[in-house]
Amino acid sequence: QNIMKFDCIIFDADNTVYSTKKVSKNSDLEALKVFQRYSKINLDVLYKDFLDIVKKVKSSKHPKLRHRIYSYTSLAKKYGISKFVVNEAYNKFKNFVLNNIKINPYVKDFLEYNRTVKKIIMSEDNKEMIELKLKKLHLDKYFNVIISSDDTNEMKPSMKYFSFLKQNPKKCLVIGDNFDKDLI
């Protein structure tokens, strides 16, 4: 009953609503197998180079630098691999994530129980991936609004995410997995 005191519930998506951390590495490895097929470069070498690229952009606030397309494109440039391969690799990554992602425990029960409260996804992921993940997991019907890095053009933490709310942020409950990123 105390949940009804809030105008809305804001959810982080990755590793809060659904568990992407468990599938991330294998999703990237599937994508890198595409690079390997076209370049004949050892998968371990490709993965190490990919991680080096990710390490360089990990703290960037700019979503385009943090998107896998950027990292895959950087890797392709390093080895002279065509943009066509980047798109194929990204599609492989995306499909692997969508086919292996799972709803975190109790999330669906919580969403069902709190049907009358407005629910918002606030994620630094791109909007397309958020929508695909929610649809794949049959959770799209529970969320009224999605606020993504496509909207804010910044990664979290950022007050820009809250500027898209139509509700008073002080009357919203925030549920996330990372205190530093999900709360301001």
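Residues numbered from 1 in each chain as written. Predicted model: local features only at pLDDT ≥ 70, side-chain atom pairs only at ≥ 80, totals over all residues. Heavy atoms only, no water.

Draft legend 1. Structural context of the nonpolar core. Formed by 40 residues in total, the largest nonpolar core has its most connected members in Phe35, Tyr72, Ile121 and Phe143. Elements with a contribution of two residues or more to this core: strand S1 (8–11), helix H1 (21–39), helix H2 (43–57), helix H4 (68–79), helix H5 (83–100), helix H6 (107–113) and helix H7 (127–136). Every residue in contact with tyrosine 72, bar those within four places of it in the chain, is listed here: Asp28, Ala31, Phe35, Phe50, Val86, Ala89, Tyr90 and Phe93. Counting residues in each nonpolar core, the second largest holds 9 residues, with Cys8, Ile120, Tyr161 and Phe162 among its members. (Core = buried A, V, L, I, M, F, W, Y, C linked by side-chain atoms within 4.5 Å. Buried < 20%, exposed > 50% of the residue type's maximum accessible area, 1.4 Å probe, protein only. Helix = DSSP H or I, 4+ residues; strand = E, 2+ residues; numbered from the N terminus. Contact = heavy atoms within 4.5 Å.)

Draft legend 2. Spatial organisation of the packing of aromatic side chains. Taken as a whole, this structure holds 8 aromatic pairs when the rule is applied. Between phenylalanine 50 and tyrosine 72, the aromatic rings sit 5.6 Å apart at their centres with planes inclined by 40°, giving tilted as the arrangement. Of this pair, phenylalanine 50 sits in helix H2 while tyrosine 72 sits in helix H4; the two residues are 22 residues apart in sequence, bridging distant segments of the chain. Grouped by ring-pair contacts, the aromatic residues Phe35, Tyr47, Phe50, Tyr72, Tyr90 and Phe93 constitute a single cluster. (Phe/Tyr/Trp six-rings, centres within 6.5 Å; stacked < 30°, edge-to-face > 60°.)

Draft legend 3. Local environment of the pairing of strand S4 (residues 118–122). Among the 5 residues that make up S4, 4 are buried, leaving the element largely enclosed by the rest of the structure. Inspection of the sheet shows S1 paired to S4 by 4 bridges, in the parallel sense. Across the sheet, residue cysteine 8 finds its bridge partner in S4, namely lysine 118. Pairing geometry for S4 and strand S5 (residues 145–147), over 3 bridges, is parallel. What sits directly across from isoleucine 120, in S5, is valine 145. Each parallel crossover has a hand, and for S4 linked through H7 to S5 it is right-handed. (Pairing = 2+ DSSP bridges. Right-handed = clockwise from strand over helix to strand, strands pointing away.)

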